[in-house]
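Structural overview
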Amino acid sequence: MGSSVSVVKKRTDKSIAFDQKVAYLKLTPFFQYLTSDAVGEFAKCFPKSLSCPPGKNIELESHRIYIVCEGEVDLSTSYPEAGTKVEAKGYLCRKRQGDIVNLYQTKKDIERQMSSKKKKLRMLTEEVITVSSGDTKMLLLCADMDALDKFNKAHPALSKPIHA
């Protein structure tokens, strides 16, 4: 039921210039809440990047946050079809430039949205499958979760829920 995972080249902070990182972060929903100083601090929370050509499976860490900088990422899942030995695949969404990818939250959303009739299937849902899609290479910024936690503690107003 699993999928084969291509090796994805991990790049370090040196591969993406700081100014380019800030430019990518300006495309995210986070940007509207950050001051110019905070954007710079926030950019330092993303020391790594992942890159791969289109059509390749990408192995992402489930508790890490990624930001799509270039290309697109398709998210899908597979689960056993009730009453058969056939695996069903479910397309979830496509993430584009500026979008945030967090597999842990995506899996929780899947489990919550499955109907109560499919309670057993909810328990059997496999990991989320991520594939680089589109016509161009995919580039993701990868968060250092410890650095992100320190950033949140240094900027508590940014961590509060937004009320309409």
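As the structure is a computational prediction, the values presented were derived from the model and not from experiment.

Focus: the pattern of salt bridges
- Counted according to the given criterion, the structure contains 6 salt bridges.
- Beyond isolated ion pairs, a larger network of salt bridges with shared partners links Glu-72, Asp-74, Arg-94 and Arg-96.

Things to note about the packing of aromatic side chains
- Scanning the entire structure with this criterion turns up 3 aromatic pairs.
- Summarising the aromatic geometry, the rings of Phe-30 and Phe-42 are spaced 5.1 Å apart at their centres and angled 70 degrees between planes, so their arrangement reads as edge-to-face. With Phe-30 in the loop between α1 (18-25) and α2 (36-43) and Phe-42 in helix α2, this pair connects stretches of sequence that are 12 residues apart.
- Centre to centre, the rings of Phe-42 and Phe-46 are 5.2 Å apart; their planes meet at 75 degrees, and the pair counts as edge-to-face.
- Judged by its relative accessible area of 0%, Phe-46 is buried.
- Members of the aromatic cluster, each reached through a chain of ring pairs, are Phe-30, Phe-42, Phe-46 and Phe-151.

Topic: the confidence of the model for the protein
- Per-residue pLDDT for the protein averages 78, and the proportion of residues at 70 or more is 70%.
- When the elements of the protein are averaged for pLDDT, strand β1 (residues 9-11) gives the smallest value, 51, and strand β4 (residues 66-70) the largest, 93.
- Across residues 1-7 the pLDDT falls below 50, and counting only partners more than four positions away or on other chains, this stretch makes 13 contacts in the model.

Quick notes on the pairing of β4
- Of all 5 residues in β4, 4 are buried; the element is thus mostly enclosed.
- Across 2 bridges, β4 lies against strand β7 (residues 100-101) in antiparallel orientation. Bridge pairing links Ile-67 to Ile-100 in β7.
- In terms of strand pairing, β4 meets strand β9 (residues 138-142) through 4 bridges, oriented antiparallel. Among the inter-strand pairings, Tyr-66 is bridged to a residue of β9, identified as Cys-142.

So, the nonpolar core
- Ranked by size, the top nonpolar core spans 19 residues in total, and within it Leu-25, Phe-42, Phe-46 and Leu-141 carry the most contacts.
- Of all elements in the fold, only α1, α2, β4, β9 and α5 (145-154) reach the threshold of two or more residues within this core.
- At 4 residues, α2 tops the list of elements feeding residues into this core.
- Judged by nonpolar contacts, the second largest core, of 14 residues, contains Leu-50, Cys-52, Val-68 and Leu-75.

Let's talk about the side chain of Ser-51
- Note that Ser-51 resides in strand β2 (residues 48-52).
- A polar atom in the side chain of Ser-51 sits 3.5 Å from the backbone oxygen of Met-138.

Observations regarding α2
- Those residues of α2 not exposed but buried are Ala-38, Val-39, Gly-40, Phe-42 and Ala-43.
- Structurally, α2 contributes buried residues whose contacts are with α1 and α5.

A few points about the environment of Leu-92
- Within the secondary structure, Leu-92 is located in strand β6 (residues 87-95).
- On the accessibility criterion, Leu-92 (32% relative accessible area) is partly exposed.
- Counting along the chain gives 18 residues from Leu-92 to Asp-74, while the straight-line C-alpha distance between them is 7.6 Å.

Cut-offs and rules
Residues numbered from 1 in each chain as written. Predicted model: local features only at pLDDT ≥ 70, side-chain atom pairs only at ≥ 80, totals over all residues. Heavy atoms only, no water. Salt bridge = Lys/Arg side-chain N within 4 Å of Asp/Glu carboxyl O. Phe/Tyr/Trp six-rings, centres within 6.5 Å; stacked < 30°, edge-to-face > 60°. Helix = DSSP H or I, 4+ residues; strand = E, 2+ residues; numbered from the N terminus. Buried < 20%, exposed > 50% of the residue type's maximum accessible area, 1.4 Å probe, protein only. pLDDT = per-residue confidence, 0-100. Contact = heavy atoms within 4.5 Å. Pairing = 2+ DSSP bridges. Core = buried A, V, L, I, M, F, W, Y, C linked by side-chain atoms within 4.5 Å. Polar contact = N/O pair within 3.5 Å; in protein donor to acceptor, adjacent residues only side chain to side chain.

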